[in-house]
Amino acid sequence: MPKDTGDAAAAKAEKAVREAEKALTRVQADLNKAIMLVKQDKFTEKRAKAIVAKTLAVMSKHKKVTKLQTEKGFKDYPQEIQDQVLWIDELMNDLLAHTEQLPRMVKLMKKSPEKDIKVLSKQSKVLALEVKQPPKHVGVLVKEVKKGLDAGGPNGALIALLPMIMLLWLICDTIVRGLRKRP
């Protein structure tokens, strides 16, 4: 709780930041598990849709923390709480930029790897540029796509899921980097 016990608004802001942080930590763990399913060839469209729904629900629920700094009296909050609010605001804004792409990736998952290889490959390459270091098994898929992987090969079925996988990893990585910056 804030040091200034009389400031209920500051306490409310601190609680909102803490709840958003916990929710993002859970989302990051779920995303990490989903990405590891790729390595085991158990990542499916159904699982992708479930993780997308959960991620979007968390972002929707905690979107309000981005507005805390515009509240009346924000400047009167203790500096520690102001720093936390600014930190979570920055993290949420970074995540919102990525999570807005999730519905489009769901549509891309429905595309045929054989018929729509160019569209899937292009989107995978665009996302690969944003991802600093994908997991090894995902990186192998990206390299195969760049080389022109045969869509009917053993990993061909994952080509339709690759843009989604890349975006989920990007979101997971953004959360990890954001949590490390916590004041």
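Rules used in this analysis
- Residues numbered from 1 in each chain as written.
- Predicted model: local features only at pLDDT ≥ 70, side-chain atom pairs only at ≥ 80, totals over all residues.
- Heavy atoms only, no water.
- Core = buried A, V, L, I, M, F, W, Y, C linked by side-chain atoms within 4.5 Å.
- Buried < 20%, exposed > 50% of the residue type's maximum accessible area, 1.4 Å probe, protein only.
- Helix = DSSP H or I, 4+ residues; strand = E, 2+ residues; numbered from the N terminus.
- Axes fitted to C-alpha atoms, helices over the stretch in contact; angles between N-to-C directions.
- Parallel < 35°, antiparallel > 145°, perpendicular 65-115°, else oblique.
- Left-handed = near helix turned anticlockwise from the far one by under 90°.
- Contact = heavy atoms within 4.5 Å.
- Nonpolar A, V, L, I, M, F, W, Y, C, P; charged D, E, K, R; others polar.
- Salt bridge = Lys/Arg side-chain N within 4 Å of Asp/Glu carboxyl O.
- Expected span 1.5 Å × (residues − 1).
- Arc of directions from axis to C-beta.
- Patch = residues over 30% accessible without salt bridge, like charges linked within 9 Å, V, L, I, M, F, W, Y side chains within 5 Å.
- Areas by Shrake-Rupley, 256 points an atom, 1.4 Å probe, with all protein chains shown as cover.
- Lys, Arg positive; Asp, Glu negative; His and termini not counted.
- Charge placed at Lys NZ, Arg CZ, Asp CG, Glu CD.
- Phe/Tyr/Trp six-rings, centres within 6.5 Å; stacked < 30°, edge-to-face > 60°.

Things to note about the nonpolar core
- Judged by nonpolar contacts, the single largest core of 57 residues is most densely connected at Leu 24, Leu 31, Phe 43, Ile 88, Met 164, Ile 165 and Leu 168.
- Sorting the residues of this core by element identifies helix 1 (8-39), helix 2 (45-61), helix 3 (79-99), helix 4 (102-109), helix 5 (117-130), helix 6 (136-147), helix 7 (156-159) and helix 8 (162-180) as the ones contributing at least two each.
- Broken down by element, the residue count for this core peaks at 13 residues, all from helix 1.

Details of the packing of helix 2 against helix 3
- Their axes nearest at 11 Å, the elements helix 2 and helix 3 cross at an angle of 140°. By the angle between their axes, helix 2 is oblique relative to helix 3. Remark: the crossing between helix 2 and helix 3 carries left-handed chirality. For the pair helix 2 and helix 3, the contacting residues are Thr 55, Leu 56 and Met 59 in the first and Met 92, Leu 95, Leu 96 and Thr 99 in the second.
- When its residues are assigned to classes, the contact of helix 2 with helix 3 shows 5 nonpolar, 2 polar and no charged.

Let's talk about the side chain of Gln 82
- Considering the arrangement of structural elements, one finds Gln 82 in helix 3.
- Leaving out residues up to four positions away in the same chain, Gln 82 has contacts with Phe 74, Lys 75, Asp 76 and Tyr 77.

Quick word on the pattern of salt bridges
- If you walk through the whole model with that rule in mind, you get 6 salt bridges.
- Across the pair Glu 19 and Lys 15 runs a salt bridge, and its minimum N-O distance is 3.8 Å. Remark: Lys 15 and Glu 19 occur in helix 1; sequence separation between them is 4 residues, near one turn of the helix.
- By relative accessible area, which is 35% here, Glu 19 ends up partly exposed.
- The class of Lys 15 is partly exposed, set by a relative accessible area of 44%.

A closer look at the packing of helix 4 against helix 8
- Where helix 4 contacts helix 8, the two axes come as close as 9 Å, and the packing angle between them is 155°. Relative to helix 8, helix 4 is oriented roughly antiparallel. Together, Leu 102, Met 105, Val 106, Leu 108 and Met 109 of helix 4 and Pro 163, Met 164, Leu 167, Leu 168 and Ile 171 of helix 8 make up the contact between the two elements.
- Along the lines of polarity and charge, the residues of the contact of helix 4 with helix 8 split into 10 nonpolar, no polar and no charged.

Quick notes on helix 2
- Given a rise of 1.5 Å per residue, 17 residues ought to cover 24 Å, and the 24 Å separating the end C-alpha atoms of helix 2 matches this to within 8%.
- Buried within helix 2 are the following residues: Ala 48, Ile 51, Val 52, Thr 55, Val 58 and Met 59. Viewed along the axis of helix 2, the buried residues span an arc of 130°, placing them on a single side of the element. Seen from the buried face of helix 2, the exposed residues on the opposite side, beyond 90 degrees, are Lys 46, Ser 60 and Lys 61.
- Elements in contact with the buried residues of helix 2: helix 1, helix 3, helix 4 and helix 8.

Here's the deal with a positive patch on the surface
- On the surface, Lys 12, Arg 18, Lys 22, Arg 26, Lys 61 and Lys 64 cluster together into a positively charged patch.
- The biggest single contributor to the positive patch is helix 1, with 4 residues.
- With respect to the helices, strands and loops of the structure, Lys 12 is situated in helix 1.

Re the packing of aromatic side chains
- A full pass over the atoms with the stated rule returns 1 aromatic pair.
- Measuring from ring centre to ring centre gives 5.4 Å for Phe 74 and Tyr 77, while their planes differ by 70°; the resulting arrangement is edge-to-face. Pair check on accessibility: Phe 74 and Tyr 77 agree, each one buried.

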